[in-house]
Amino acid sequence: MAIRSKIAPGTSTAVMDPPNGERERVFDAFRRWGYLEADLDPLGFLRPLPHPDLQIDGEFTQEARRIYCGTVGVEFMHITDPARRRWIQERLEGPQATIDQQRALDLLIRADLFEQVLQQRYLGNKRFSLEGVTALIPLLDEILDAAGQQGAVELVMGMSHRGRLNVLVQVARRAPEEVFAGFEDVDPRSVLGSGDVKYHMGATGEYLTRSGAKVHIHLVSNPSHLEAVDPVTIGRTRAKDDRAGNTGSKKYLPLLVHGDAAFAGQGIVAETLNYADLPGYTVGGTVHIIANNLIGFTTVPRESHSSRFSAQLVRRQSVPIFHVNGEDVDAVIRVGRIALDYRYTFGTDVVVDLIGYRRHGHSEVDDPTITQPLLYKAIKEHPPLWEIYSEDIGVEDVKTQVQTIRAELEDAQKIASSMTKKPTLRDLPAYWNDYKGGRYKPEYEVETGLSAEQLREITEPLTTYPQDFHIHPKVKKLLEQRAEMGNGKRPVDYGMAEALAFGSLVKAGVPVRLSGQDSRRGTFNQRHSVLLDIENEQEYVPLQHVSAEQARCEIYNSTLSEAGVLGFEYGYSRDYPEALVLWEAQFGDFVNVAQAVIDQFISAGEDKWNLLSGLVLLLPHGYEGQGPEHSSARIERFLQLAARDNFQICQPSNAAQYFHLLRRQALRHWRKPLIVFTPKSMLRHPDAASPIEAFTHPHFLNVLPDTEITNARRILLCTGKIGHELRDERKKRKDNSTAIAFLEQMYPFPEAELVKELERHSTARDIVWVQEEPANMGAMFYVLPRLRHIAGERPVLSVKRSASASPSTGSAKAHEMEQNTLLSLAFSTNGK
Ligand SMILES: Cc1ncc(C[n+]2csc(CCOP(=O)(O)OP(=O)(O)O)c2C)c(N)n1
Ligand SMILES: [Mg+2]
């Protein structure tokens with residue numbers, strides 16, 4: 001499967017500037033600095049900033065100033081490609097398109113009145129009014145119309161609170177009564193413990209372009225955490241495009257609406273922008289709109305960012321920024337068309353910085369006159385945009401129009417108040433029909449084992465490469481060993497187990513996508529999914545050569561980001577339920593940088609929005625004396641988030657179990673995120689390798705029983721690496737009365753399997769939970785009460801490190817002493 005190539009940069013080599021004449025010199029200065037002197041703030045608080053290079057008089061100054069210092073200010077001279085700069089310049093300096101002003105006026109009235117009706121009918125309710133940046137609606141209208149002309153079939157849109165309800169009606173074209181209904185009381189019992197507030201819920205709709213084409217609108221469900229939805233939106237777009245067979249990024253258009261304060265302040269914005277042009281993540285350009293009301297809650301721009309404009313974050317990339325005064329509606333619409341055309345012409349991101357104000361407080365129950373008295377005095381006296389615009393364009397009888405629209409909205413409100421059931425604003429795509437969420441049911445199980453013959457068949461393409469390929473000697477040896485593993489001549493390690501899982505899945509038509517930092521080789525040198533010719537660096541990916549009709553297999557090195565990349569992969573999994581989608585942390589503890597994605601989407605997404613995901617997180621975990629930062633992937637945090645079968649938490653202790661777990665995740669139709677604590681040193685450890693026969697077993701085992709010991713006097717329960725160390729210790733002690741069982745799936749808790757294992761060792765008096773983690777971490781807090789519940793009369797003891805503020809010691813020697821103590825306590829503790 002060919003990996004999509006990076007979108008080619010502009011190919012023109014034309015020299016942009018003709019001979020250095022006077023006109024060019026003047027224009028060049030204005031192209032570069034004009035935006036600083038532009039008239040961008042409708043209320044005039046953001047004053048033009050004189051630039052020395054523009055203090056020139058002369059024949060051409062007036063014209064240059066009119067174009068570059070009017071109500072549009074464009075930052076584009078940082079773009080390295082001259083063809084792109086020339087394109088923008090021509091669109092700004094050339095003839096300007098005429099505007100359907102009546103349509104724009106109609107939209108402005110609708111947008112403002114919608115907010116007013118909400119205000120009057122549902123006083124005291126938060127709605128996060130759009131008023132002040134109302135031009136967002138005609139701007140989106142223009143972008144959608146232009147997108148339709150370019151062949152877009154779907155707009156995938158991420159936005160936060162501001163104006164969201166308005167967008168539902170004016171852009172996604174949901175009936176106003178459907179949105180009003182969200183403000184009506186419903187039976188609270190129907191949403192006990194679940195659901196979300198109305199300005200976070202996702203929605204779908206159908207936008208009709210002026211030429212009659214339909215563009216499907218998909219507004220992504222969004223948490224309160226500002227900008228967290230950005231990478232999710234991009235991942236969803238990429239998945240839609242990949243599912244559709246790579247449309248060249250023409251059909252699916254991502255659009256993000258940002259707040260000005262959030263855009264500047266939230267790091268996840270930078271993380272998302274950073275992968276815009278990378279092969280693993282590109283969507284052919286995102287349209288960013290900053291609904292810039294020059295305030296964030298009570299905080300003003302000079303407290304919000306160190307740059308003049310919050311948008312300037314993007315200047316490190318070749319992305320143009322179109323600042324536009326939100327009260328020059330025609331200019332806003334023109335900018336929308338230029339931005340959209342730019343995205344389609346060059347396949348990169350664009351930013352429209354729509355500058356206005358915020359008519360009310362942060363929400364409608366907030367009084368802004370306390371913190372910004374002068375600003376709000378000015379706003380109070382400032383008329384709504386439709387009034388200004390109707391005067392500008394000379395519409396005589398705007399009152400009738402206003403009355404008609406108000407009457408329509410009031411009728412809609414009446415309909416809403418008599419609705420007995422809240423409408424759902426969202427249709428799920430058909431590709432979710434075959435997949436299930438909710439509680440686990442045994443009927444979801446499928447067999448995950450393969451025959452020895454099938455394993456051999458997959459091993460062959462996974463361990464070979466073209467004859468003329470110059471392979472690295474170390475990799476050559478590795479592939480030879482893998483060939484022996486797949487043919488049953490040597491125990492199979494994790495690396496090969498994973499390759500067999502991926503290979504068998506793509507062969508069966510299940511696409512696989514994995515991304516993470518250094519994932520192609522593998523942080524621990526364990527994966528080697530991409531072979532490199534040592535003479536010419538040509539790539540060869542065995543997993544893309546498993547069989548002729550196989551599904552795609554894509555493994556990417558990600559950017560050095562967690563939240564941005566995990567958000568993307570979560571989004572991807574949302575629109576590609578058929579695929580096995582995995583994100584890998586470099587070390588498990590780095591996952592905490594993406595905590596908002598875990599809390600807000602992965603763990604709670606189904607509960608809040610009824611949206612499913614089968615995303616897999618691979619989190620290297622284990623106490624190996626590498627210090628506090630590289631030991632723990634924080635099992636305890638995931639277990640604390642676990643409820644109502646929201647996800648699965650597993651730690652497979654050997655290679656075959658890992659194989660079955662990955663296959664189970666893809667082949668079952670139960671779509672639940674899967675958190676896997678993966679090994680580090682155990683990746684190649686003989687104790688964790690599995691004989692090939694284990695791959696022919698039918699299932700992943702939630703509990704790995706101890707069938708070696710009979711008449712046990714004590715049973716140790718554990719997960720992961722410590723279990724292997726305990727087994728070693730048992731051998732050293734020549735102990736044959738201690739059973740050691742592994743809890744391979746911690747959540748959903750495999751109670752029946754554990755009961756069975758405890759019954760198998762009914763002679764054991766003590767049941768001991770053993771973990772490497774300190775007492776305030778790991779699975780202990782979660783496991784002990786559950787174990788006690790099923791242990792009956794038998795005492796349940798625990799062995800663990802003492803409670804600690806950091807996950808582990810920084811000294812390898814101290815680690816070893818602690819580990820030895822754990823091992824010996826496990827065999828000797830009597831709980832006193
Ligand atoms: C990550 C995060 N931090 C803080 C908040 C609380 N909060 C909600 S809205 C807001 C101000 C947002 O300002 P801006 O981005 O300019 O959007 P606006 O409300 O002005 O449209 C803040 C601080 C939040 N929702 N998310
Ligand atoms: Mg703001």
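Structural data are supplied above this passage.
Position labels on residues start from 1 in each chain and follow its written sequence. To label them, take the chains in the order written and letter them from A, then take the ligands in the order written and number them from 1. Local features in this predicted model are restricted to residues of pLDDT 70 or higher, and side-chain atom pairs are both shown and tallied only at a pLDDT of 80 or more, whereas totals for entire chains, interfaces and linings draw on every residue. Where side-chain values are given, they derive from all heavy atoms of the structure, hydrogens and water being excluded.

Novice: Looking at this structure, how should I read the overall build of the chain?
Specialist: Helix and strand assignments follow DSSP, with helices taken as H or I runs no shorter than four residues and strands as E runs no shorter than two, numbered in order from the N terminus. For the chain, the helix and strand inventory stands at 27 helices and 22 strands. Taken along the three principal axes of its C-alpha coordinates, the chain extends 95 × 65 × 50 Å. Counting over 832 residues, the chain shows a buried share of 60%. Contact definition: two residues touch when any of their heavy atoms are within 4.5 Å. Residue pairs at least 24 apart in sequence account for 82% of intrachain contacts in the chain once pairs closer than 6 positions are excluded. Here's how the labels work: a residue is buried when its accessible area is under 20% of the maximum for its type, exposed when over 50%, partly exposed in between, all with a 1.4 Å probe on protein chains only.

Novice: I tried to follow the environment of Asp 735 on my own but got confused; where do I start?
Specialist: Within the element layout of this structure, Asp 735 appears in the loop between helix H24 (721-732) and strand E19 (738-743). Setting aside residues up to four positions removed in sequence, Asp 735 forms contacts with Arg 730 and Phe 827.

Novice: Where do I start with the sheet that holds strand E20 (residues 745-747) in this structure?
Specialist: To summarise the sheet geometry, strands pair through backbone hydrogen bonds and adopt either a parallel or an antiparallel arrangement. Across the sheet, seven strands lie side by side as E12-E9-E13-E14-E16-E15-E20; this open sheet has mixed pairing. A single partner strand is all that each edge strand has here, and the edge strands are strand E12 (553-557) and E20. For this sheet the average axis-to-axis angle between neighbouring strands, irrespective of direction, equals 20 degrees. The rule for pairing is simple: two strands pair if DSSP sees at least two bridges between them. Examined bridge by bridge, strand E15 (residues 648-650) and E20 share two bridges and lie antiparallel to one another. Across the sheet, residue Ile 649 finds its bridge partner in E20, namely Tyr 747. Here an axis means a line fitted to C-alpha atoms, over the contact stretch when the element is a helix, while the angle between two N-to-C directions is reported on a 0 to 180 degree scale.

Novice: Explain the coordination of the magnesium ion (ligand 2) to me, please; I cannot follow it from the model alone.
Specialist: For a metal with four tetrahedral donors the ideal donor-metal-donor angle is 109.5 degrees, while six octahedral donors give ideal angles of 90 or 180 degrees. Listed donors are limited to N, O and S atoms within 2.8 Å of the metal, widened to 3.2 Å for Na, K and Ca; water is not among them, so incomplete-looking sites are possible. Every protein donor of the magnesium ion (ligand 2) is accounted for by Asp 260 (OD), Asn 293 (OD1) and Ile 295 (O), and the metal-donor separations fall at 2.0 Å. According to the relative accessible area criterion, Ile 295 is buried, its value standing at 3%.

Novice: Could you clarify how one ought to interpret the packing of aromatic side chains in this entry?
Specialist: Given two aromatic rings, their pairing is described by the distance between the two centres and the angle made by the two planes. Aromatic contacts are taken between Phe, Tyr and Trp rings whose centres are within 6.5 Å, Trp giving its six-membered ring; a plane angle under 30 degrees counts as stacked, one over 60 as edge-to-face, and the others as tilted. Across all of its chains, the model carries 30 aromatic pairs by this definition. Considering the side-chain rings of Phe 638 and Phe 677, the 5.9 Å spacing of their centres and the 70 degrees angle between planes classify their relative orientation as edge-to-face. With Phe 638 in helix H22 (residues 635-641) and Phe 677 in strand E16 (residues 674-678), this residue pair connects regions lying 39 residues apart in the sequence. Through a chain of ring-to-ring contacts, three or more aromatic side chains come together here, namely Tyr 275, Tyr 281, Tyr 556, Phe 568, Tyr 572 and Tyr 576. Placement of a charge over a ring requires the Lys NZ or Arg CZ to be within 6 Å of the ring centre, with the centre-to-atom vector within 35 degrees of the ring normal. Its end group placed over the ring of Tyr 576, Arg 243 keeps NZ or CZ at 5.5 Å from the ring centre. For the cation-ring pair, Arg 513 lies above Tyr 281, with the distance from its terminal atom to the ring centre recorded as 5.4 Å.

Novice: Just checking my understanding: could you explain the site of ligand 1 for this structure?
Specialist: The cutoff for a nearby residue is simple: one of its non-hydrogen atoms must lie within 4 Å of the molecule or strand. Near ligand 1 lie 15 residues; those nearest to it are His 161, Arg 162, Ser 224, Asp 260 and Ala 262. At 2.6 Å from an oxygen atom of ligand 1 is found a side-chain nitrogen or oxygen belonging to Asp 260. Method for areas: the Shrake-Rupley scheme with a 1.4 Å probe, in which residue coverage is limited to the protein chains shown. Surface burial for ligand 1 is 75%, taken as the share of its 580 Å² of free accessible area covered by protein chains. Sort the elements by how many residues they give to the shell around ligand 1 and helix H9 (residues 260-265) lands first, with three residues. Nitrogen and oxygen atoms within 3.5 Å of one another constitute a polar contact, given that in protein one can donate a hydrogen and the other can accept it, and given that sequence-neighbouring residues count only through two side-chain atoms.

Novice: Got a minute to help me understand the nonpolar core in this structure?
Specialist: Burial of nonpolar side chains together is a common tendency in soluble globular proteins. Residues Ile 88, Leu 136, Met 157, Phe 180, Leu 255 and Ile 289 are the most contacted members of the largest nonpolar core, which totals 92 residues. The greatest single-element share of this core, amounting to 11 residues, is contributed by helix H12 (residues 329-346). Only buried residues count toward a nonpolar core. Its members are Ala, Val, Leu, Ile, Met, Phe, Trp, Tyr and Cys residues joined through side-chain atoms within 4.5 Å. Counting residues in each nonpolar core, the second largest holds 69 residues, with Val 283, Tyr 556, Phe 601 and Phe 749 among its members.

Novice: In this structure, what is going on with the sheet that holds E19? I would like to understand it.
Specialist: With mixed pairing, five strands are arranged side by side in an open sheet as E17-E19-E18-E21-E22. This sheet does not close on itself; its edge strands, each paired only once, are strand E17 (703-704) and strand E22 (796-801). As paired strands, strand E18 (residues 714-718) and strand E21 (residues 766-774) are joined by four bridges and run parallel to one another. Within E21, the residue paired with Arg 714 across the bridge is Asp 766. This element, helix H25 (residues 751-760), spans E17, E18, E19 and E21 of the sheet and lies at about 155 degrees to E18. Its contacts with the sheet put helix H27 (residues 812-828) on E18, E19, E21 and E22, and the angle it makes with E22 is roughly 170 degrees.

Novice: Looking at this structure, how should I read the pairing of E16?
Specialist: On a regular strand, each side chain points to the face opposite its neighbour's, so the side chains alternate between the two faces of the sheet. Most of E16 sits inside the fold, with five of its five residues counted as buried. Here E16 shows two buried faces, one formed by Leu 674, Val 676 and Thr 678 and the other by Ile 675 and Phe 677.

Novice: Where do I start with helix H18 (residues 494-507) in this structure?
Specialist: Along an α-helix, a turn takes 3.6 residues, which lines up residues three or four apart on a common side. Residue count minus one, scaled by 1.5 Å, sets the expected span of a helix. The end-to-end C-alpha distance of H18, which contains 14 residues, comes to 20 Å, matching closely the 20 Å that a straight helix rising 1.5 Å per residue would cover. Counting buried residues in H18 gives 13 out of 14 residues, a clear majority hidden from the surface. The backbone nitrogen of Gly 495 lies 3.3 Å from a side-chain oxygen of the residue at the head of H18, namely Asp 493. Downstream of H18 by a residue or two, Gly 509 has a phi angle that is positive, lying close to 90 degrees.

Novice: Looking at this structure, how should I read the side chain of Gln 665?
Specialist: Structurally, Gln 665 can be placed in helix H23 (residues 655-667). Polar contacts involving the side chain of Gln 665 include one to the main-chain carbonyl oxygen of Lys 672, which spans 2.7 Å. If near-sequence neighbours (up to four positions away) are discounted, Gln 665 is found in contact with Leu 580, Gly 614, Leu 615, Val 616, Gln 648, Arg 671, Lys 672, Pro 673 and Leu 674.

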